[in-house]
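Residue-level listing of the chains:
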Amino acid sequence: MPAFNFSTTGSDVIAALPDRVSGKTFVITGASHGGLGAHTALYLATANPAEIILLGRSKEKISPVMKEISEASPSTIVRFIKIDLMSCASVSAAAAEINATVSKIDVLINNAGIMGVSFALTAENVESHLGANHIGHFLLTNLLVPKLEASGGARIVNVSSAMYQFSPVLFDDYNFSDGKTYNAWTAYGQSKTANILFAVALAKKLEKKGINTYSLHPGVIHATGLSAGVDPTAWPIVGSMLESLKMEMPEEKTMEQGCATTLAAALDPALDDQSGSFLNDCNPEKVLYYACDASNAEKLWTLSEKIVSEKFSY
């Protein structure tokens with residue numbers, strides 16, 4: 001099998017691993033037309049999956065993607081389910097709808113996210129980056145675990161970012177003193193660290209259920225539209241933060257390359273013994289201690305349970 005790297009495209013991964021897609025059921029959050037989730041779904045469609053379920057806030061933005069999937073693979077069932085990741089009630093309703101209609105889920109891709117937005121709170125009074133990027137996915141994932149377990153070898157994929165280096169999880173003040181000390185990039189970094197720690201926790205908790213989990217940096221991809229929601233006043237801060245952390249902005253990827261690491265995390269059998277790892281350029285990469293520390297992962301799990309008012313024990 002070819003080694004995957006920076007230049008690998010989504011179609012390269014699918015071409016190498018079509019048997020890992022055919023007949024399988026995939027659930028993807030954040031699949032609006034033109035985005036990373038949509039392109040990921042379209043690559044999967046080329047290898048004849050049984051079903052692709054696309055979750056998002058707007059059917060209007062996802063309908064064109066559904067049409068393209070159906071054209072690429074007429075036998076694939078493709079469905080839209082409405083979800084607002086900033087509302088636990090909406091997440092629970094979406095999970096119930098999925099659970100009622102599928103016998104198993106082979107891969108859950110937690111792809112949806114927001115970046116660099118102005119300060120806001122979710123329905124559960126959580127800062128919006130942490131709420132949309134982590135808490136909503138925490139609840140959704142846990143509610144879908146029985147269907148993932150039924151697959152007998154499922155994977156959970158959390159799309160994170162190299163910008164996790166902007167901040168650890170601020171356990172004592174994750175809401176930035178109710179916005180008084182808010183920095184959009186620190187908030188984004190905190191949420192992306194949470195994505196990585198969530199994968200670390202899930203790997204340990206779900207190992208006996210045969211479920212593997214990964215987090216990843218897809219690459220810097222300007223074509224995704226993720227930056228469209230950035231508060232213009234937040235942009236100037238990025239450069240100084242990168243400088244202070246001695247971080248170089250990674251080389252930009254095309255959308256085709258940007259999907260590759262997500263697809264490798266979802267499909268590559270070479271990663272079977274790497275559950276809980278963080279991937280960059282399709283391969284495991286070490287992260288800063290605070291993003292892989294088992295006690296931080298457990299602390300985040302406890303905090304997340306408290307926020308969603310549900311306990312999940314495995």
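Owing to the predicted nature of the structure, the values given are computational and were not obtained by experimental measurement. (Residues numbered from 1 in each chain as written. Predicted model: local features only at pLDDT ≥ 70, side-chain atom pairs only at ≥ 80, totals over all residues. Heavy atoms only, no water.)

Pairing is mixed in the open sheet, where eight strands are placed in the order β3-β2-β1-β4-β5-β6-β7-β8. A single partner strand is all that each edge strand has here, and the edge strands are β3 (77–82) and β8 (283–284). Bridging between strand β1 (residues 25–29) and strand β2 (residues 51–56) involves five bridges; their strand directions are parallel. Paired with V27 across the strands is I53, a residue of β2. (Pairing = 2+ DSSP bridges. Helix = DSSP H or I, 4+ residues; strand = E, 2+ residues; numbered from the N terminus.)

Time to look at the environment of R57. In this structure, R57 sits in the loop between β2 and α3 (59–72). With sequence-adjacent residues up to four places away left out, R57 is seen in contact with F80, K82, I83 and D84. (Contact = heavy atoms within 4.5 Å.)

This part takes up the packing of aromatic side chains. Applying the stated rule across the entire model yields 11 aromatic pairs. Between F138 and F198 the ring centres are 5.4 Å apart and the planes differ by 50 degrees, which places this aromatic pair in the tilted class. With F138 in helix α5 (residues 128–149) and F198 in helix α6 (residues 184–206), this residue pair connects regions lying 60 residues apart in the sequence. Judged by its relative accessible area of 0%, F138 falls in the buried class. Given the relative accessible area of 2%, F198 is considered buried. Ring centres of F176 and Y182 lie 5.6 Å apart, and the angle between their planes is 90 degrees; this geometry places the pair in the edge-to-face category. Judged by relative accessible area, F176 falls into the buried class, the value being 4%. Cluster of aromatic residues (ring-pair linked, three or more members): F138, F198, W301, F312 and Y314. Positioned over the ring face of W301 is K205, at 4.6 Å from the centre of the ring. (Phe/Tyr/Trp six-rings, centres within 6.5 Å; stacked < 30°, edge-to-face > 60°. Buried < 20%, exposed > 50% of the residue type's maximum accessible area, 1.4 Å probe, protein only. Lys NZ or Arg CZ within 6 Å of the ring centre and 35° of its normal.)

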